[in-house]
Every structure is written in C-alpha cells, then in structure tokens.
Amino acid sequence: MTDSKKGFVAQKIADLPFSGIRRFYDIADEIEGAISLGVGEPDFLTPWNIREEAIFRLERGGTSYTSNAGLPELRREIAAYIRKFGTEYDPKTQVLVTIGASEAIDVALRAVTEPGDEILIVEPCYVSYKACIIMAGGVPVVISPKPENDFRLLPEEITAKLTPRTKALIMGYPNNPTGAVMERADLERIAEVLREQDILVISDEIYAELTYGPVGREGLGDAEHASIAALPGMYGKTLVINGFSKAFAMTGWRLGYACGPAELISAMTKIHQYVLMCASRNSQYAGLEALRNSHKSVAAMRREYDARRRVLLDGFREIGLPCFEPRGAFYTFPSIQKTGLSSEEFCEKLLMSQKLAVVPGNAFGEAGEGFVRCSYAYSVESLKEALRRLKAFLRET
Amino acid sequence: MRESILQLLEKNSRLSPADLAVMLGLPAEEVAAELGKMIDEQVICGFHTLVNWDKTGREFVTALIEVKVTPQRGMGFDRIAQRIYRFDEVKALYLMSGGFDLTVIVEGATIRDVAFFVSDKLAPLESVLSTATHFVLKKYKDHGIVLEKAVSDDERMIVSP
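Residues numbered from 1 in each chain as written. Chains lettered and ligands numbered in written order. Predicted model: local features only at pLDDT ≥ 70, side-chain atom pairs only at ≥ 80, totals over all residues. Heavy atoms only, no water.

**So, the nonpolar core**
Residue and element names in this part refer to chain A. Threshold: Put simply, a nonpolar core is a bunch of buried Ala, Val, Leu, Ile, Met, Phe, Trp, Tyr and Cys residues held in one set by side-chain atoms that sit within 4.5 Å of each other. The buried label goes to any residue with under 20% of its type's maximum accessible area, the exposed label to any with over 50%, and the partly exposed label to all in between, with areas taken from a 1.4 Å probe on protein chains only. A run of H or I in DSSP counts as a helix once it spans at least four residues, and a run of E counts as a strand once it spans at least two, with each numbered from the N terminus. Note that domain bounds follow an automatic or database assignment of domains.
Counting 74 residues, the largest nonpolar core has L37, L109, I170, L239, M268, F346 and V358 as the members making the most contacts within it. Residue contributions to this core peak at seven residues, all from helix α5 (residues 100-112). Counting only domains with at least three residues in this core, you end up with domain 1 (11-45 + 296-396) and domain 2 (61-293).

**Re the layout of surface pockets**
To find leftover empty space, one rolls a probe the size of a water molecule over the atoms. Residue and element names in this part refer to chain A. Just so we agree on the cut-off: Only protein atoms enter the 1 Å grid, on which a cavity is a set of points fitting a 1.4 Å probe that cannot get out and a pocket is an open set with protein on both sides within 12 Å along at least 5 of 7 lines, lining residues being those with an atom within 4 Å of a point. Grid points are joined across faces, edges and corners, and a volume is the space filled by probe spheres set on the points. The classification used treats Ala, Val, Leu, Ile, Met, Phe, Trp, Tyr, Cys and Pro as nonpolar, Asp, Glu, Lys and Arg as charged, and all other residues, Gly among them, as polar.
Roughly 740 Å³ of internal volume is contained in the second largest pocket. Lining the second largest pocket are 30 residues, and of these P17, F18, S19, G20 and V127 lie nearest its centre. Of all elements in the fold, only α1 (11-14), α2 (20-28) and α6 (128-135) reach the threshold of two or more residues within the lining of the second largest pocket. No other element matches the five residues that α2 contributes to the lining of the second largest pocket. By residue class, the composition of the lining of the second largest pocket is 17 nonpolar, six polar and seven charged.

**Here's the deal with the sheet that holds strand β5 (residues 166-172) of chain A**
Residues and elements named next belong to chain A. Which entries qualify depends on this criterion: Pairing between strands is defined by DSSP: at least two bridges between them are needed. With axes taken as lines fitted to C-alpha atoms, and helix axes fitted only over the stretch in contact, angles between N-to-C directions fall between 0 and 180 degrees. The contact criterion used throughout is that any non-hydrogen atoms of two residues lie within 4.5 Å.
Read across the open sheet, the seven strands follow the order β2-β8-β7-β6-β5-β3-β4; overall the sheet is mixed. At either margin of the open sheet sits one strand with a lone partner, and together these are β2 (95-98) and β4 (139-143). Within the sheet, the average angular offset between the axes of one strand and its neighbour, ignoring direction, is 20 degrees. Bridge count between strand β7 (residues 238-243) and strand β8 (residues 256-259): four bridges; the pairing is antiparallel. Paired with V240 across the two strands is C259, which belongs to β8. Where α5 meets the sheet, its contacts fall on β2, β3 (118-122), β5, β6 (200-204), β7 and β8, and the angle it forms with β7 comes to roughly 160 degrees. Docked against the sheet, α6 engages β3, β4, β5 and β6, running at close to 150 degrees with respect to β4.

**Some words on the environment of G62 of chain A**
Residues and elements named next belong to chain A. For G62, the position within the fold is in the loop between α3 (48-59) and α4 (72-82). Placed 220 residues apart in sequence, G62 and N282 show a C-alpha to C-alpha distance of 6.8 Å. Beyond its immediate sequence surroundings of up to four residues, G62 is in contact with R57 and R281.

**Considerations on the side chain of T87 of chain A**
Residue and element names in this part refer to chain A. Within the secondary structure, T87 is located in the loop between α4 and β2. Taking relative accessible area as the criterion, T87 reaches 4% and is therefore assigned buried. Residue contacts for T87: discarding those within four places in its chain leaves I82, A229, A230 and Y235.

Read these as geometric descriptors, not functional statements.
This is the structure:
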C-alpha cells in the first residue's frame, strides 16, 4: 500500500488488466515437471555468427549510445533487406530502429493517437496492441475475423467498424496467436476499402520470414510473405513494423524497427528519443550481422518450423482436435469447443492432469475464446510427447 | 522428393517414413519406396548413431594418419585406397590435395593397437612412402553436432506472449 488516499496510480493504468498470459504463466510456473507448447519465441539460439559479432564488437569497445534512429549502416541494411517485400524506404528518413517491435508499436500508437481516437484492432492478436492504444489515450475498436475464414480479415469487417473517429488500423499477419496469414489477394481486397479512407495501417510483420505453403506441398518453408505496404496506393498510409526476434531467433536482444512515411517516422523518433534514446549499440551490431550474413540460417529455421507445423497439424487431426491450417508464425490455434470447456478451463485442466501448458485463446482477445494457442517452436520429439498428453486429456474429458 | 527426404534424414535418421510423409505432404508408401530405392542405389549408405564414447566406460583412441603413397599406373590412388579401407580399424579414408595423399582415420582400443596397425599393416604396404600419426585428444564436435553443449536446458519461460 502507498500513503495516498486516492492512490498514486493513474486510473487508466489501474484499470488496465495484466495480460492473460501472465496470469497463466503464474499458474504454469508452479507445476513441477510440466512441458509446454506455450512459448512465443524460437527454440533456436541466435546463430553463432551473430553472437560472435556482438562479442567482437564488445571487445573492441562499442559501449556508447548510437544516434537516436539507430546506426546509419543498420538502417541502410534494413532498407535493403525489406526491399524483398516490394517496398523502398529511405534509410535516413524512413527507418527507425527500436527496442524490439514492441517499442515500435507503442511509439507508433502514441505518435498518431489523439485523445478519443478510435484504433481498429484485429483480434485475436498480440497482447500489447489494446493496452498500448489505451495508454496512448485512444479507444480500441475490435474487429474479429471469423474462424471459418481462417481468421483472415475481410473488407466488410473493416467498413462495419469505421466511424469519423477512426484513426488507424493495427493488424499483425502472420498472426500471433492464430498463425493466420493474409496472402496478396486477401490484402488486395482490404486495400480496396482502405485506399479510400484517411486511416493509417500499422502492419506488424514481425513473423514475415515465417510464412509457409500448404501442408500438402512438398517444398518446406518456401512461401512468400506479402506486405500491404507494397500494394498500389497503400505505401503512403502504411507503417510497417518488423524486427529481429522471430526471423533471426533474437528475442532477448530486443531489436526491432519501423519503416514508413517520413513524417510519421520523424514523430516516432521524437518519442523514442525522449524515452529511450536509442536501441542497444551491441544489439544493433548484432542486427547488422544478422541482415548481412544470416539468411541461410533463417531459411533453415523456416524449413524446420514448417516440418514441425505439419507434424503438429497431423497430430491434431489424428486425435480429433479441429484446427484450420495456419500458414505463418509458429502457432496453431485449435478449437476446443467440442470439449464444452472454456479456454481457461481447458488450459488449467490440461496443465493439472497432463502437465502440459498451452495458452488460452482468450488471452489474445475475446474472439479467441473456444481456442487454445499451441506453439511449435519445439523439437519434433517434444511435439509428439505433447500430442500424446493431449490425446490422453481429450479421452478423459 | 529425394533432396527433401535427405535433408530431413541427414539431421535425424530416426524419422520414420510416416513422419517424413507428414512433413513433406507425400503419401507414406511413396516415401517408403523412395527410401528403398535410395538405399539400393547407395545414395543412403547407412543410418548411424552419433555416440560420445567419452561419456561411457569404453576405452578407445582415434588417430588421424597422414599417408604419402605412390599412385599406381592405370589405377591412380584407388587400388592402394582399397587396400587400406578394407581394414576394420579404418573408419574413414580421404584422398587429399596438398602435402600428403591420404587421410586415414583409425580407431583402436589402445594407443598400442593403433601403433601396431600403423607399423605392421599400413606402413609396410608397398606403395606407402611415409606415415605421420596424430592422436585425437578430445572430440568437441562431430558430424555437425557439438558433443558437450554448454547450455542444454531450454532457458525460455514456460509461457510467453
């Protein structure tokens, strides 16, 4: 308790719930010997050449701040790298290096939101969008794409939620937690609506490198990500957020970036400058090495994830757990509705009886109720063991 | 299909034809047939287990022997190579560029066994001009696998966003 009658904490923050993931983490962490499909990060270590570069840079010094927007050579590499998705950005004015994609989301929302502005979010989604909108003084307006459409966003779902106060749309594809993707044709359809609106699209593409083809196809990990910024008429009204965490297995380095219209990047840089100064210099050097020399490792990891994705989906089919085919990230989002349990009940019971942790779908928004998130950032052996436990659990419920 | 199967198997030979079929989106019978063909054609030469014997009670030594030989007319190095690789003690044999001709990897129970092999079997061969034997002191990495990992535990939190 504090010595304040009213409480020192601002109402806005007091009202903000802790993430459902954190609540579930507290339960899961107590269970001795539990295995998990609950993790939202790669199981690979950062490729050695990247780690080695960071060690070398530390040995040489490299302990000072960098310019606010990030090392110029890193911004150049980012601009060169992101060209593969069909977009050109000026590294000097259109790229901001951030402390993880999470910071980019926060500063982007703070840079665009006036009090009371409505920001559309596409749920289920990453846990921070809603909270960041509220902290920025905006009003989150939820769009819930339908499971029967494989959680793809449809144009009419956007138009149904538009009001004169709508300022921006934030979406993440490939999606955490569903694994859904928006292919080029899907993006074309929503772009038709968005082009005519004066709203910004904040496109969180952190899982862009982890995009896969249909499971019936032989080639592993050979599908291509489509960015909405590359579509005609969308470049000037899209902010792309990306980072190193998922593609290069660099979660703990906290390194991300945003690319978009210069005016917006400049505004974001202002906030970033006052709050964080710059991303860690050492992480930025690591990021430079990642972009220059690690594409083989990325391709190898993508192939591996794709193989595991197929194993997990086949396992669900075998034990009778309905799941649409996710084409991105490293998540599956099976439906648990036929068990008659809520997502949280399912996860808690599964944890207690089989010592297997998966994440309740509603931790990512109400639309996730009736689903659970199972990650496949685990070895094939671990996935098979998890499937055995799931099967036993389904039999007893 | 071949290359996809081999890429997966090279890293994990325990994958069953059924596993491979799921991973590659192919019918299991087709994968099994292709595997059989590759074994017949010696594209797949074996399914081995990588053992770190240092962690067991078994005593044995590995040596790398540099060998200089005289190639034979019409046969090149193949004939002498064959004479050498037929010994059970020889685990690997490579023809080299550079200062010597053959690298022979030999395993024996003791240093004395290896010494005996070199002095009694290898060195006296007619085409062998010289040998230089180097004993392996410790194996750090073999077949792309680090044998003693510094970090083996999953450091990740049990649940994360």
